[in-house]
Each structure stands twice: as C-alpha cells, then as structure tokens.
Amino acid sequence: MKTAILLLHCPDKLGIIAELTKFITDNNGNIVYLDQYVDTVDKMFFMRIEWELDGFRIPQDKIEEYFRTLYCSRYDIVFNVYFSDVKPRMAIFVSKMSHCLYDLLARYKAGEMDVEIPCIVSNHENLRYVAEQFGIPYYVWSIAADHSNKAEVEKAEMELLERERVDFIVLARYMQIITDGMIARYPHNIINIHHSFLPAFVGAKPYDQAYKRGVKIVGATSHYVTAELDAGPIIEQDVVRISHKDTPESLALKGRDLEKIVLSRAVKKHVERKVLTFNNKTIIFS
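This one's a predicted model, so the numbers in the text were calculated from it and none came from an experiment.

A.B. asks: Looking at this model, I keep getting lost on unusual backbone geometry. Mind explaining?
C.D. replies: Note: most residues except glycine have negative phi, and most peptide bonds are trans. Note that the residue after Leu198, namely Pro199, is joined by a cis bond; omega there is 15°. On the secondary structure map, Pro199 appears in the loop between β9 (190–194) and α7 (206–213). In this model, Asp76 sits at a positive phi of 55°, which is unusual for a non-glycine residue. With respect to the helices, strands and loops of the structure, Asp76 is situated in the loop between α2 (63–75) and β4 (78–83). Classification of Asp76 by relative accessible area gives exposed; the value is 51%. Of note in this structure, Phe201 is not a glycine but carries a positive phi near 55°. Within the fold, Phe201 resides in the loop between β9 and α7.

Structure, rendered in structure tokens:
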C-alpha cells in the first residue's frame, strides 16, 4: 500500500482537522492513520496524517505544492510530506564501540528499519570488519588530537554525504563533536545516543559522574543534535536501576544494553515519520 504522510504544526484554530481531512477525501484519498495533539500552553496544533495514494487525484509530485498554496498562509502551517515508497538514506557515524552499530545493522538486515545505508563513517579503523560483514562501504577520516584538520575532515564527510544522497545521520557512539556547519545542513536529522538520562550528566564520562554522585538509576537518551552540546530535542529515553555495589565499569556495561535499544527506538520513530520538533521538544506520534 503506497501512502503519503503529512506532518505539520501551526497555531491552533477551529476547523483545522475538518479542513485538512476534507482536502484528502475530496481528492479521493483514503485516510489510514490520523493522530493529532493540541498544546494548550503554547496554543499549537500538531498532526500526523497518512492516506493511500492509489486513486488519489493529485499527482504525487504536486501534493506539496497544492498543500502549500491552499493552507500555508491561511493557517500559518509548517509541514513536510513524505511517501512510503521512498526509503530514507541513513549514514552511520561510529568510533571504536560496536554495540550500537551491531544493533542498528542487525535490525536493518532483519527488515525492522525501512532504510538504505549507503555508508558508515568513522574516525578509526576499528569497526571496518563490522561494515564488511554487512557489505556496507566504510570510510575513515582520522582527526588530529589538536583538531587541526577538523574542518578538512568534515568537508570530506559532507561531500560523501551529498554524493550518497544521505537524508539523515545516526551517531552510534561517535565520539566527536559535530560542527555547526553539518548541523545546519541536517537540521533535526542528526540523531545521537548519549549515555545518561539527560539533562543529567552532560558531556564526557557520564557513568563516572553517575558513580560519583551515587545515583540509583542510570539511563540513556537519544536526541537530535543541535549546536548546544547534548541539549537537542529528546526522542527516546530509558533507565535501569543500579546500587551501591556497582562500579563505573558495571554501570557502563548495564548502560550499553540501554544505549542500543534507546537509539534503535529513536531511529525507528524517525524513519516512520512519527517525530515532530517544536521549541526544542518533540511530539512523538503513536
């Protein structure tokens, strides 16, 4: 079943749902999914609506144009249209740790994620063997300790991403800061996994921070990358209980199980077009 997916937000106004569903049904579209939410604090309306394209009167390549002409100025709508037969192209960035990479690739091979993975990018050679197991090209650009070649490396990475028509990036324990240039090129399309329950323990070595603080739970957070470190819109989180008997090493071991699960959940929601961002927060549709 080939479908179109419309994600939108706008100031809340009487009759929006009726107007938008009428647009679809009047053009012979069969709605198969509709979820909406009204933020009563900010008085904003959010919606995800999906309909079958078989028999739809507006050509696929004209839907966005029609919708923009009819509704954008009228309702001050911000929207995106996606199509179920267009697989998003996902690049994975890694460093030395393999657990998140293996989990993503295993789910991809099992058909749990409807994506294409044209490349894996790293700053180390360590995980090339993993990429080879799955038959995915692996590219390495080493970054100097003083970051003197950082701009040169990111320029080469951006050229690769453009060449491979990458739609979004997943940082699967990629231990480098993404610069503002790449963030601006992929706004809310770079997904990171941070090994703590944000906003607690931002930055490096969060398990050591958690151990020193004596917390009773540790967590993992997947979020979109923004210019502010570990402060982007949160997509998915989870926690596990710990005790005084745990060491920084055992905390890290427990955390790794969470990291790969939380990251995969976030990526899946992004791929299924069930995430909307607004004011540095996310609306996650069911």
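Next comes the rest of the write-up.
A.B. asks: How do you make sense of the sheet that holds strand β7 (residues 138–140) when you look at a structure like this?
C.D. replies: Judged by pairing direction, the sheet is mixed, and its seven strands sit side by side in the order β7-β6-β5-β8-β9-β10-β11 without closing on themselves. With partners counted over all chains shown, the strands left at the sheet margins are β7 and β11 (234–241), one partner each. Across the sheet, the mean angle from the axis of one strand to that of its neighbour is 20°, orientation sign disregarded. Note that strand β6 (residues 116–122) and β7 share three bridges and pair parallel. By the bridge assignment, Ser122 is partnered in β7 with Val140.

A.B. asks: Would you mind going over the sheet that holds strand β2 (residues 30–39) with me for this structure?
C.D. replies: The strand order β2-β3-β1-β4 describes an open sheet built from four strands, whose pairing is antiparallel. The open sheet terminates on both sides in strands that have one partner only, identified here as β2 and β4. Taking each pair of neighbouring strands and ignoring which way they run, the sheet shows an average axis angle of 10°. With nine bridges connecting them, β2 and strand β3 (residues 44–52) associate as antiparallel partners. Residue pairing in the sheet places Asn30 in a bridge with Glu52 of β3.

A.B. asks: For this particular structure, what's the right way to read the packing of α7 against helix α8 (residues 248–271)?
C.D. replies: The description of two packed helices rests on the angle between their axes and on the distance between the axes. Close contact between α7 and α8 brings their axes to 9 Å; oriented N to C, the two are set at 125°. Considered as vectors, α7 and α8 are oriented oblique to each other. Between α7 and α8 lies a crossing whose hand is right-handed. In this structure, α7 contributes Tyr207, Asp208, Ala210 and Tyr211 to the contact, and α8 contributes Pro248, Leu251, Ala252, Gly255, Arg256 and Glu259. Of the residues that constitute the contact of α7 with α8, the class distribution is six nonpolar, one polar and three charged.

Calculation criteria
Residues numbered from 1 in each chain as written. Predicted model: local features only at pLDDT ≥ 70, side-chain atom pairs only at ≥ 80, totals over all residues. Heavy atoms only, no water. Helix = DSSP H or I, 4+ residues; strand = E, 2+ residues; numbered from the N terminus. Buried < 20%, exposed > 50% of the residue type's maximum accessible area, 1.4 Å probe, protein only. Pairing = 2+ DSSP bridges. Axes fitted to C-alpha atoms, helices over the stretch in contact; angles between N-to-C directions. Parallel < 35°, antiparallel > 145°, perpendicular 65-115°, else oblique. Left-handed = near helix turned anticlockwise from the far one by under 90°. Contact = heavy atoms within 4.5 Å. Nonpolar A, V, L, I, M, F, W, Y, C, P; charged D, E, K, R; others polar.

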